[in-house]
Amino acid sequence: MYAIIGAGPMGLCTARHLKKQGIDFVGFELHSDVGGLWDIDNPHSTMYHSAHLISSKGTTEFSEFPMRANVAPYPHHSEMRRYFRDYAGHFRLYEHYQFDTRVVKLERLAQGWRLTSERDGEQREWHFEGVLIANGTLHTPNLAQLPGDFQGELLHSSAYKRADIFADKRVLVLGCGNSACDIAVDAVHRAASVDLSVRRGYYFLPKFILGKPTDTFGGAIRLPRRLKQTIDGLLVRALVGKPSQYGLPDPDYRLYESHPVMNSLVLHHIGHGDIRPRGDIHAVSGHCVTFANGEQAEYDLILMATGYRLDYPFIARSELNWPEDAGAPQLYLNVFHPEHDDLFMLGMVEASGLGWQGRDEQAELVSLYIRQLQAGSPAAQALRQTIRAQAGQRLDGGYQYLQLERMAYYVHKDSYRRRIAEHSAALRRELAGDVTPATQGA
């Protein structure tokens, strides 16, 4: 019996694949329903009311469960909640989950794991052969330390829900990632003023090119990495110009070496004077903020869109092969522990264009591996040797990713999916000779 922690997209596709392989499991979910952060009614969700997918539905959806034809190319979060509930219902996953249940602690035993759960104030102990952690990466806010004492309202984007909070206020948004830009655009329509504090350069991409989602272009012809960066960079320059033309810093790195911002509306509003670009913060005193260039401004509200940090409070960091100086656990394919076959990290991976299908393939590989380990297959043993030898090596496709904590688990999509497919094919070949029927679950 295995445990799955989480009923968001990653937890659900993990449950789907364990069920297909006939592997018994119990799922644990803090909320009363599936969907993870995509359910805005989940008290642990970091979703805000204006949020949509930043990748298009066709590059994001599970291939065996496409989104409905009438769903917009970039669906609203409420549409995504419906999608995950439909997915869980279609594959009969609800019956496997313990809802409204927190995982308090995971402890390694001589064999397997002791899991302590809590529901309605009552704790229960479970014993599992193995554990699959799939509770996501966007839970614990990365709180910036302001250089001084701010006397106004201070908020992290994780707590932001509606633009009403900006009404008639002088607002400063820290950061320039996708959430920061979305929220700054929200604030334009309610705030007295909106400023955007940006420390480094970003690439900005429109969501549509020639009427089609941007992420559906390219890929038909595989180009050398440097040539692709050059051609795509020139295309972006032609479409939106240089960030410095809008008063923002230009990137000092090549395209795809950090996650791009899928938002050209923020540039639109900067160009219209609705949003004012600012540099890094030098000092804060009362309501006054001094920027690195010496400029000063007064604010009523500072919203920190400064991202999230990996946090798994129910398990010791040492169990995850996570050195203190590393931004993320050192695991093969961001999944497999180098020493243990009973602990798997699902969904701790980011890549431009990976979508949920890429994560689904990750879950399929893990389920195949577990089943073949149980059968003692040579293919599983061969993968075990690879895991031990290559844990912590990142499939970056030759890209020089920025040395940021949020990029510590970033991979190159094509390289990652190709390696996953190779391992799954090897395990599947042996499985084809296994006459034990697998439960399909559909």
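Residues numbered from 1 in each chain as written. Predicted model: local features only at pLDDT ≥ 70, side-chain atom pairs only at ≥ 80, totals over all residues. Heavy atoms only, no water.

Novice: Describe helix α1 (residues 9–20), with residues and values.
Specialist: The end-to-end C-alpha separation of α1 is 17 Å, in line with the 16 Å expected for twelve residues at 1.5 Å each. All buried positions along α1 are accounted for by P9, M10, G11, L12, C13, T14, A15, R16, H17, L18, K19 and K20. (Helix = DSSP H or I, 4+ residues; strand = E, 2+ residues; numbered from the N terminus. Expected span 1.5 Å × (residues − 1). Buried < 20%, exposed > 50% of the residue type's maximum accessible area, 1.4 Å probe, protein only.)

Novice: Quick one: what's the story with the pairing of strand β11 (residues 170–174), residue by residue and with numbers?
Specialist: For β11, the buried fraction is high: four of the five residues fall into the buried class. As paired elements, β11 and strand β12 (residues 193–197) share five bridges and run parallel to each other. Paired with L174 across the two strands is S197, which belongs to β12. In this region the chain leaves β11, passes through helix α4 (residues 178–188) and returns to the parallel neighbour β12; the handedness of that crossover is right-handed. Where β11 meets strand β19 (residues 301–304), four bridges bridge the pair, whose relative direction is parallel. Residue pairing across strands places L172 opposite I302, the latter belonging to β19. (Pairing = 2+ DSSP bridges. Right-handed = clockwise from strand over helix to strand, strands pointing away.)

Novice: Give a description of the pattern of salt bridges that names residues and reports values.
Specialist: In total, this model carries 25 salt bridges according to the counting rule given. Between R82 and E79 there is a salt bridge, with its nearest N and O atoms 3.6 Å apart. Here E79 and R82 lie together in helix α3 (residues 77–90), a separation of three residues that amounts to about one turn. Across the salt bridge formed by R278 and E295, the nearest N and O atoms sit 2.8 Å from each other. One end of the pair, R278, is in strand β15 (residues 275–278); the other, E295, is in the loop between β17 (288–291) and β18 (296–298), with 17 residues separating them in the sequence. Owing to a relative accessible area of 9%, R278 belongs among the buried residues under this scheme. Residue classification places E295 among the partly exposed residues on the basis of a relative accessible area of 33%. (Salt bridge = Lys/Arg side-chain N within 4 Å of Asp/Glu carboxyl O.)

Novice: Can you lay out the sheet that holds β12 for me, pointing to particular residues and giving the numbers?
Specialist: Taken together, the five strands give an open sheet; going across it, the order is β10-β19-β11-β12-β15, and neighbouring strands pair in parallel fashion. If you trace the sheet from one side to the other, it starts and ends with β10 (153–156) and β15, each paired once. Between one strand and the next, the sheet's axes are offset by a mean angle of 20°, whatever the strand orientation. Strand direction decides the pairing type here: β12 and β15, joined by four bridges, are parallel. Its bridge partner lying in β15, V194 is registered against I275. Together, β11, β12, β15 and β19 form the strand contacts of α4, whose direction differs from that of β12 by roughly 165°. (Axes fitted to C-alpha atoms, helices over the stretch in contact; angles between N-to-C directions. Contact = heavy atoms within 4.5 Å.)

Novice: Tell me about the packing of α1 against α3, and name the residues and values.
Specialist: Working note: a packed helix pair is described by the angle between its axes plus the distance between those axes. One way to put it is that α1 packs onto α3 with a least axis distance of 11 Å and a crossing angle of 15°. If you check the angle between α1 and α3, you find them roughly parallel. Judged by the sense of rotation from one axis to the other, the crossing of α1 with α3 is left-handed. Contacts between α1 and α3 involve P9, L12, C13 and R16 on the former and, on the latter, F84, Y87 and A88. A class-by-class count of the residues in the contact of α1 with α3 yields six nonpolar, no polar and one charged. (Parallel < 35°, antiparallel > 145°, perpendicular 65-115°, else oblique. Left-handed = near helix turned anticlockwise from the far one by under 90°. Nonpolar A, V, L, I, M, F, W, Y, C, P; charged D, E, K, R; others polar.)

Novice: Go over the side chain of S158, please, and point to the residues and values.
Specialist: Examined against the element boundaries, S158 turns out to sit in the loop between β10 and β11. Sequence-distant contacts of S158, defined by excluding residues within four places in its chain, comprise S45, T46, P141 and Y308.

Novice: Can you tell me about the confidence of the model for the protein, naming the residues and giving the values?
Specialist: Summary statistics for the protein give a mean pLDDT of 94 and a share of 97% for residues scoring 70 or more. Every residue in residues 435–442 is under pLDDT 50, and counting partners more than four places away or in other chains gives 20 contacts. (pLDDT = per-residue confidence, 0-100.)

Novice: Please set out the pairing of strand β7 (residues 130–133) residue by residue, giving values where relevant.
Specialist: Along β7, one buried face is formed by G130 and L132 and the opposite face, lined by V131 and I133, is buried too. The pairing of strand β1 (residues 2–5) with β7 spans four bridges and is classified as parallel. Across the sheet, A3 pairs through a bridge with V131, a residue of β7. Both β7 and strand β21 (residues 343–345) contribute to a ladder of three bridges, which runs parallel. Bridge pairing in β21 links I133 to M345.

Novice: Let's hear about the nonpolar core: which residues, and what values?
Specialist: The biggest cluster of nonpolar side chains holds 96 residues, and the ones touching the most others in it are F166, F336 and F344. Contacts of F344, omitting those with residues within four sequence positions, involve Y2, V131, L132, I133, V335, F336, V366, Y369 and I370. One finds W113, I133, L320 and W322 within the second-largest nonpolar core, a separate group that totals 25 residues. (Core = buried A, V, L, I, M, F, W, Y, C linked by side-chain atoms within 4.5 Å.)

Novice: Would you mind going over unusual backbone geometry in detail, with residue names and values included?
Specialist: For Y256, which is not glycine, the phi dihedral falls at a positive 80°. Unlike most non-glycine residues, N334 shows phi in positive territory, near 65°. Within the element layout of this structure, N334 appears in the loop between β20 (308–309) and β21.

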